Amino acid sequence: MAAFSSFFSSSRTVLSAAIALRATFLLYGLFQDAYSPIKYTDIDYFVFTDAARFIARGQSPYARDTYRYTPLLAWLLYPTTWSGLWFSFGKVLFAVGDIIAGWMMFRILRVHQGLSQERALKYASIWLLNPMVATISTRGSSEGLLGVFVTALLWAVLSRRILLTGFLLGFAVHFKIYPFIYAASIVWWLDDGSKSSPSASPVARAMKFINPQRIGVAVSSFLTFMGLNVIMYIAYGWPFLEHSYFYHLVRIDHRHNFSPYNTLLYMNSSPKVPGENHASFSELERMAFIPQILLSAIIIPLMLAKKDLSSTMLAQTWVFVTFNKVCTSQYFLWYIMFLPYYLPGSILMRSPRVGVSLLVLWIVGQAGWLQQGFQLEFNGESTFVPGLWAWSIIFFIINCSILGVVIRDIREGKAASRGVKK
């Protein structure tokens, strides 16, 4: 126990362990890619690096089929077009992003939540020393970079660095669309601390709401987001808008998808039989975003943001991922990055039985789905119904149960960051 405590007494020790963890995975990945038929490198990484090669030839990154991201990502991976080990440059970049995000989490916990260094390092290690986080980044997923942008956004708003908050919000949304859900929480949280008189007119209340901080965030985020989009549109034209934004409204992706919509997406991806009516499936698929956006971008921010911003962002992200029609393992990192701020005062820590039970259920839900997915992809068994469909529903219910616990904690003021300095 003493050794455990001494390990978390030094930020250098924890960061060194986090770096070593990722270096180990990177080296192991090179070995597995070279000698195993099952590759360590994520297929998305090949998409990213292929797009970078097209850029190196003076072409559009969208010449690579299935590249659905901002051209900035392909430009960041330009060194992967060089020979030799430079191909792994992107994995190293994403792993470094993991480390930077974890360091910023530690600073937020220390400065804005008032945790001791040892406690702050323990909770930051949920990200820094998490094998799942390290594996996803070293396999070539860009979520490590996203973690930097979103964590920096939280730090900026808590520090009330208004123009930087707006810039980071606009940049994050350009890089990956979903951070737009945080806009409502940030704007709602940014008030001047004074309360309106109960007798104030609607106009007076509206004028009080529109304070300089909210205007600053709105203007700077809009200018950043639109500025980047204009630059990319001038450089790459309509394919930039089509693949970076519009595609995600109609995407059909049933592979490695934990969502309850998985089976429906599979059915819609199959060739249509002439004369059959598929309207009911298509309509349901189009409506999937309505509960997702209502809950994550409107209802939860208005209910909870003024109580606890960072935990509200956790709840928003959990809803967005759980209700999304496409939900892969990488998406879990989107809410894991907020767990360090919520957990210190949560029921999950105050009652270990509750915390361990929910963690076990979350793991079992994934394991059940993955077992069925393995039977489908590697053994060729048709497990869509009832296997994958049933486990998708079970995993959805488990996530909703966890979400209910988080929301209850925030409403009761028991989450860790209620004392955030404003």
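Residues numbered from 1 in each chain as written. Predicted model: local features only at pLDDT ≥ 70, side-chain atom pairs only at ≥ 80, totals over all residues. Heavy atoms only, no water.

Looking up the protein chain in an unreviewed UniProt entry gives the name GPI mannosyltransferase 1, with the organism given as Periconia macrospinosa. Per UniProt, the protein chain has the following entry under Sequence similarities (unreviewed entry): "Belongs to the PIGM family." (UniProt positions renumbered as here; feature names shortened; annotations may be inferred.)

Another point: the overall build of the protein chain. Helix and strand counts for the protein chain come out as 22 helices and zero strands. The buried share among the 422 residues of the protein chain stands at 49%. Considering only contacts in the protein chain between residues 6 or more positions apart, those separated by 24 or more positions represent 71%. Of the roughly 19,800 Å² of accessible surface on the protein chain, a fraction of 68% belongs to carbon and sulfur atoms. (Helix = DSSP H or I, 4+ residues; strand = E, 2+ residues; numbered from the N terminus. Buried < 20%, exposed > 50% of the residue type's maximum accessible area, 1.4 Å probe, protein only. Contact = heavy atoms within 4.5 Å. Areas by Shrake-Rupley, 256 points an atom, 1.4 Å probe, with all protein chains shown as cover.)

Let us now look at the packing of helix H21 (residues 352–377) against helix H22 (residues 384–411). A pair of packed helices is characterised by two quantities: the angle between their axes and the separation of those axes. Here H21 crosses H22 at 160°, and the two axes come no closer than 9 Å. It follows that H21 is roughly antiparallel to H22 by the angle criterion. Classified by chirality, the crossing of H22 by H21 is left-handed. The residues of H22 that touch H21, namely those facing Leu358, Leu361, Trp362, Val364, Gly365, Gln366, Gly368, Trp369, Gln372, Gly373 and Leu376, are Phe384, Gly387, Leu388, Trp391, Ser392, Phe395, Ile398, Asn399, Ile402 and Val405. Residue classes in the contact of H21 with H22 are distributed as 13 nonpolar, eight polar and no charged. (Axes fitted to C-alpha atoms, helices over the stretch in contact; angles between N-to-C directions. Parallel < 35°, antiparallel > 145°, perpendicular 65-115°, else oblique. Left-handed = near helix turned anticlockwise from the far one by under 90°. Nonpolar A, V, L, I, M, F, W, Y, C, P; charged D, E, K, R; others polar.)

As a further point, take the UniProt feature "transmembrane region" (unreviewed entry) in the protein chain. The feature "transmembrane region" (unreviewed entry), as annotated in UniProt, sits at residues 12–31, 85–106, 127–156, 162–190, 215–236, 287–305, 317–343 and 388–407 in this numbering. Along residues 85–106 the backbone is 82% helical and 0% strand, and the end-to-end C-alpha distance reaches 32 Å. Secondary structure over residues 388–407 splits into 100% helix and 0% strand, and the C-alpha atoms at its two ends are 28 Å apart.

Before going further, it helps to spend a moment on the nonpolar core. Across soluble globular proteins, nonpolar side chains have a tendency to be buried as a group. Ranked by size, the top nonpolar core spans 108 residues in total, and within it Tyr67, Leu154, Tyr182, Phe332 and Phe338 carry the most contacts. With 11 residues, helix H8 (residues 143–158) is the single largest residue contributor to this core. Counting the residues that make up this core, at least three belong to each of domain 1 (142–249) and domain 2 (253–269 + 282–412). In contact with Tyr182, not counting residues within four places along its chain, are Val150, Leu153, Met313, Gln316, Thr317 and Phe338. (Core = buried A, V, L, I, M, F, W, Y, C linked by side-chain atoms within 4.5 Å. Domains from an automatic or database assignment.)

This next bit is on the packing of aromatic side chains. Counted according to the given criterion, the structure contains 38 aromatic pairs. Seen from their ring centres, Trp238 and Phe246 are 5.4 Å apart, and the 35° between their planes marks the pair as tilted. The exposure class assigned to Trp238 is partly exposed, which follows from its relative accessible area of 48%. Connected via pairs of aromatic rings, a cluster forms that spans Tyr45, Phe46, Phe48, Tyr62, Tyr67, Tyr69, Phe87, Phe94 and Tyr236. (Phe/Tyr/Trp six-rings, centres within 6.5 Å; stacked < 30°, edge-to-face > 60°.)

As enumerated under the stated definition, the model contains nine salt bridges in all. Of the charged contacts, one joins Asp42 and Arg139 as a salt bridge, the two residues approaching to 3.8 Å between their closest N and O atoms. One end of the pair, Asp42, is in the loop between helix H2 (11–35) and helix H3 (43–56); the other, Arg139, is in the loop between helix H7 (131–138) and H8, and 97 residues separate them in sequence. Using a relative accessible area of 28% as the deciding quantity, one classes Arg139 as partly exposed. Here Arg53 makes a salt bridge to Asp50, at a shortest N to O gap of 2.2 Å. Taken together, the residues Arg53 and Asp50, both in helix H3 and three residues apart, mark about one turn of the helix. The class for Arg53 is partly exposed, based on a relative accessible area of 28%. Here Asp50 falls in the buried class, since its relative accessible area comes to 18%. Connected through shared salt-bridge partners, Asp50, Arg53 and Arg64 make up one network. (Salt bridge = Lys/Arg side-chain N within 4 Å of Asp/Glu carboxyl O.)

Its relative accessible area of 8% is what places Asp42 among the buried residues. When neighbours within four sequence positions are excluded, Asp42 is seen to be in contact with Arg139 and Gln330.

Quick look at unusual backbone geometry now. Even without being glycine, Thr66 reaches a positive phi, approximately 75°. Residue placement: Thr66 occurs in the loop between H3 and helix H4 (71–76). Of note, the phi angle at Arg160 is positive, near 55°, even though the residue is not glycine. Positionally, Arg160 belongs in the loop between H8 and helix H9 (162–175).

This paragraph deals with a nonpolar patch on the surface. Residues Met287, Phe289, Ile290, Leu294, Ile298, Ile299, Leu302 and Met303 make up a contiguous nonpolar surface patch of about 690 Å² in total accessible area. Relative to the helices and strands, Ile299 is located in helix H16 (residues 289–304). Here Ile299 falls in the partly exposed class, since its relative accessible area comes to 37%. (Patch = residues over 30% accessible without salt bridge, like charges linked within 9 Å, V, L, I, M, F, W, Y side chains within 5 Å.)

This brings us to the packing of H8 against helix H17 (residues 309–323). Where H8 contacts H17, the axes come no closer than 11 Å and their chain directions differ by 145°. At the point where H8 passes H17, the crossing takes the right-handed sense. Residues Leu154, Val157 and Leu158 of H8 touch H17, and the partners they reach there are Leu309, Ser310 and Met313. In terms of residue class, the contact of H8 with H17 is made up of five nonpolar, one polar and no charged.

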